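So the chains spell out like this:
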Amino acid sequence: MQYSFSIGQIEQRAQAVNVCLKTLAQSAGLHPSTAYRGAKAGADVKISTASRLGDALVAEELRLLRHLALLHPQEAIAACCPEKRSAA
């Protein structure tokens, strides 16, 4: 699935989940310098590059979400399904 993010958005969201651009670039099959060049202010980035980095970011965010849900199943159910909280 393709997502549309700017490099700045990708960089901010990656920092929020503690993932560096190098890791995202490698996951996306890109050379790390490609991601860092794109993160420079005013740098032109190909749409396909931003899309691949965005896809890698979403995959990492979902991986983290699944991991947290396994560690904290009751909290995960309560967070996504408030109606089930009262049934528990």
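Thresholds, definitions, all that
Residues numbered from 1 in each chain as written. Predicted model: local features only at pLDDT ≥ 70, side-chain atom pairs only at ≥ 80, totals over all residues. Heavy atoms only, no water. Helix = DSSP H or I, 4+ residues; strand = E, 2+ residues; numbered from the N terminus. Buried < 20%, exposed > 50% of the residue type's maximum accessible area, 1.4 Å probe, protein only. Contact = heavy atoms within 4.5 Å. pLDDT = per-residue confidence, 0-100. Salt bridge = Lys/Arg side-chain N within 4 Å of Asp/Glu carboxyl O. Arc of directions from axis to C-beta. Axes fitted to C-alpha atoms, helices over the stretch in contact; angles between N-to-C directions. Parallel < 35°, antiparallel > 145°, perpendicular 65-115°, else oblique. Left-handed = near helix turned anticlockwise from the far one by under 90°. Nonpolar A, V, L, I, M, F, W, Y, C, P; charged D, E, K, R; others polar.

**Student:** Sorry, what's going on with the side chain of Thr49 here?
**Tutor:** For Thr49, the location among the structural elements is in helix H4 (residues 47-71). Taking the relative accessible area as the measure of exposure, Thr49 reaches 10% and is therefore buried. Sequence-distant contacts of Thr49, defined by excluding residues within four places in its chain, comprise Leu30 and Thr34.

**Student:** Teacher, can you tell me more about the confidence of the model for the protein here?
**Tutor:** The predicted coordinates should not be examined in detail at positions where pLDDT is low. For the protein, the mean per-residue pLDDT works out to 85, and 88% of the residues sit at or above 70. The weakest mean pLDDT in the protein belongs to helix H6 (residues 82-85) at 63; the strongest belongs to helix H2 (residues 21-27) at 94.

**Student:** Looking at this structure, how should I read the pattern of salt bridges?
**Tutor:** Side chains that differ in charge, positive against negative, can pair when their charged atoms come close. Counted under the stated rule, the structure contains two salt bridges. The partner of Arg63 in a salt bridge is Glu60, and the shortest N-O contact between them spans 2.7 Å. Highlighted residues: Arg63 and Glu60, both in helix H4, separated by three residues, approximately one helical turn.

**Student:** What am I meant to see in helix H1 (residues 7-16) here?
**Tutor:** In an α-helix, one turn spans 3.6 residues; hence positions three or four apart end up facing the same way. Among all positions in H1, only Ile7, Ile10 and Ala14 are buried. Looking straight down H1, one finds its buried side chains confined to an arc of 60°; they lie on one side. For H1, the exposed residues set more than 90 degrees away from the buried face come down to Gln12, Gln15 and Ala16. Buried residues along H1 sit in contact with H2, helix H3 (32-39) and H4.

**Student:** Just to check I follow, could you spell out the packing of H1 against H4 for this structure?
**Tutor:** A pair of packed helices can be characterised by two numbers: the angle between their axes and the separation between those axes. Contact geometry for H1 and H4: axes closest at 10 Å, N-to-C directions at 20°. By the angle class used here, H1 and H4 are roughly parallel. Regarding H1 and H4, the two cross each other, and that crossing is left-handed. Residues Ile7, Ile10, Arg13 and Ala14 of H1 form the contact with H4, whose own contacting residues are Ala50, Leu53, Gly54, Leu57, Val58 and Glu61. Its residues placed into classes, the contact of H1 with H4 shows seven nonpolar, one polar and two charged.

**Student:** Which parts of the structure should I look at to understand the environment of Ala76?
**Tutor:** With respect to the secondary-structure elements, Ala76 resides in helix H5 (residues 73-80). Relative accessible area serves as the criterion here: at 25%, Ala76 is assigned to the partly exposed category. Distance in space between the C-alpha atoms of Ala76 and Arg66 is 9.5 Å, their sequence separation being ten residues.

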